[in-house]
Amino acid sequence: MFYAIMATDKADSLSARLAARPDHLARLQTLQDAGRLLLAGPHPAIDAADPGSAGFSGSLVVAEFASLALAQAWADADPYVVSGVYQQVTVKPFKRVFPA
């Protein structure tokens, strides 16, 4: 089943985000290589593809896991969690409808 991992960044976390980004992307690449990643990306803090120093307000990952518990464990071990980028992470089941 797919799970949505929705995270909100702490204020002023851009430098921590940039430092942890390579490890964060490597974990996402592993999911993609396994065919389990539906989509992933950050939420710019301003209405721009490149928010510059405004940074990001959070992230969204939708990926396939065998259970909610495994999705939560994966989210809890994310480098952005470990390095203190995220203030909150919510994991919920996700039902893909479109694109079909």
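Residues numbered from 1 in each chain as written. Predicted model: local features only at pLDDT ≥ 70, side-chain atom pairs only at ≥ 80, totals over all residues. Heavy atoms only, no water.

Per an unreviewed UniProt entry, the chain is named YCII-related domain-containing protein, and its organism is marine sediment metagenome.

Is there a simple way to think about the pattern of salt bridges in this case?
Evaluated as defined, the whole model comprises 2 salt bridges. Where R17 meets D9, a salt bridge forms, and the shortest distance between an N and an O atom there is 2.9 Å. Each of the two residues, R17 as well as D9, counts as buried. (Salt bridge = Lys/Arg side-chain N within 4 Å of Asp/Glu carboxyl O. Buried < 20%, exposed > 50% of the residue type's maximum accessible area, 1.4 Å probe, protein only.)

Looking at this structure, I do not really get helix α2 (residues 68–76). What am I missing?
Along an α-helix, residues three or four apart share an orientation, since each turn contains 3.6 residues. Burial in α2 covers these residues: A71, W74 and A75. Buried residues of α2, viewed axially, fall in a sector of 100 degrees; they line one side. Buried residues along α2 sit against β1 (2–9), α1 (14–33), β3 (56–64), α3 (79–82) and β4 (86–94). (Helix = DSSP H or I, 4+ residues; strand = E, 2+ residues; numbered from the N terminus. Arc of directions from axis to C-beta. Contact = heavy atoms within 4.5 Å.)

Where do I start with the sheet that holds β4 in this structure?
As a general point, the strands of a sheet are linked pairwise by backbone hydrogen bonds and lie either parallel or antiparallel. One open sheet accounts for 4 strands, arranged β2-β3-β1-β4; its pairing is antiparallel. The sheet is open, and its two borders are formed by β2 (37–44) and β4, each paired with just one other strand. On average, each strand axis in the sheet is tilted by 10 degrees relative to the strand beside it, whichever way the strands run. Pairing of β1 with β4, which is carried by 8 bridges, proceeds in the antiparallel orientation. Each bridged residue has a counterpart across the sheet, and for T8 the counterpart in β4 is Q88. Relative to the sheet, α1 contacts β1, β2, β3 and β4, its axis offset from that of β3 by approximately 10 degrees. (Pairing = 2+ DSSP bridges. Axes fitted to C-alpha atoms, helices over the stretch in contact; angles between N-to-C directions.)

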